[in-house]
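Each chain is listed here by its residues.
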Amino acid sequence: AIVNERGRNRVEYDIEIKPNFSEKLFATNVLVKIPVPENATAKAKQIKVKGGKAKYHPTHQAIVWKFKRFPGTVDGYRLQAEVNRLHSVQDKPWVRPPILLEFQVPMYCSSGLHVRFLQVLERYKPTKWVRYITQAGAYQIRI
């Protein structure tokens, strides 16, 4: 992730996201929240993405980049954006919050723990099926 402040009025983003899992798997509900300064404005034409959908949300003070399905076979997706800052009387320096990432990888167990045997002692007819899912807790990247 590259974030450049161009003067006092402009911030440029160049962010690339790559999968780090097997080609057979895919991530779902991928959400990337890229923080912007408080007094920022962005237009749709200033946000360019290769994959997924990105939109500026002033209520979250972030650019939200979403993927329904993120396969493990891609080389990566890229977001390029430019955000303009409004002029203000008090120019406070921007403290860069971390980029937040949320995702799920179904049928993948990141710890390597697998259920090999399960015995049910009660009179119950179980269905022989185990669902593995990896879900991001609080994954943050400092910029």
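The coordinates are above.
First, a word on what this report is: a plain description of the structure on this page. The structure presented is a predicted model; accordingly, all values stated were derived computationally and were not measured. (Residues numbered from 1 in each chain as written. Predicted model: local features only at pLDDT ≥ 70, side-chain atom pairs only at ≥ 80, totals over all residues. Heavy atoms only, no water.)

When you go through the protein residue by residue, the secondary structure sums to zero helices and 11 strands. Each helix (α) and strand (β) of the protein, taken in turn from the N terminus, gives the series β-β-β-β-β-β-β-β-β-β-β. Based on the C-alpha atoms only, the size of the protein along its principal axes is roughly 75 × 30 × 20 Å. Of all 143 residues assigned to the protein, the portion counted as buried reaches 30%. (Helix = DSSP H or I, 4+ residues; strand = E, 2+ residues; numbered from the N terminus. Buried < 20%, exposed > 50% of the residue type's maximum accessible area, 1.4 Å probe, protein only.)

Take a nonpolar patch on the surface next. On the surface, a cluster of nonpolar side chains totalling about 500 Å² of accessible area is made up of Val115, Leu118, Val120, Tyr124 and Val130. Summarising the element assignment, Tyr124 is placed in the loop between strand S9 (99-106) and strand S10 (133-135). The class of Tyr124 is exposed, set by a relative accessible area of 58%. (Patch = residues over 30% accessible without salt bridge, like charges linked within 9 Å, V, L, I, M, F, W, Y side chains within 5 Å. Areas by Shrake-Rupley, 256 points an atom, 1.4 Å probe, with all protein chains shown as cover. Salt bridge = Lys/Arg side-chain N within 4 Å of Asp/Glu carboxyl O.)

Judged by nonpolar contacts, the single largest core of 26 residues is most densely connected at Tyr13, Ile17, Val32, Ile34, Ile63, Trp65 and Leu79. Contributions of two or more residues to this core are made by strand S2 (10-17), strand S3 (26-35), strand S7 (62-71), strand S8 (77-85) and S9. (Core = buried A, V, L, I, M, F, W, Y, C linked by side-chain atoms within 4.5 Å.)

Time to look at the pairing of strand S6 (residues 53-57). Residues in a regular strand point their side chains to alternate faces of the sheet. Direction of pairing for S6 relative to S7: antiparallel, over a ladder of five bridges. Paired with Ala54 across the strands is Trp65, a residue of S7. Joining the antiparallel neighbours S6 and S7 is a turn of four residues, in which Gln61 adopts a positive phi near 50 degrees. (Pairing = 2+ DSSP bridges.)

With that settled, consider the pairing of S8. Residues Tyr77, Leu79, Ala81, Val83 and Arg85 of S8 are buried on one face, while the alternating residues Arg78, Gln80, Glu82 and Asn84, pointing to the opposite face, are not. Of the strand pairs in this sheet, S2 and S8 are connected by eight bridges, and their pairing is antiparallel. Note on S8: the bridge partner recorded for Val11 is Val83. Judged from the two bridges that link them, strand S4 (residues 40-41) and S8 form a sheet pairing that is antiparallel. Bridge pairing in S8 places Thr41 opposite Asn84. Bridge count between strand S5 (residues 47-50) and S8: four bridges; the pairing is antiparallel. Paired with Lys50 across the two strands is Arg78, which belongs to S8.

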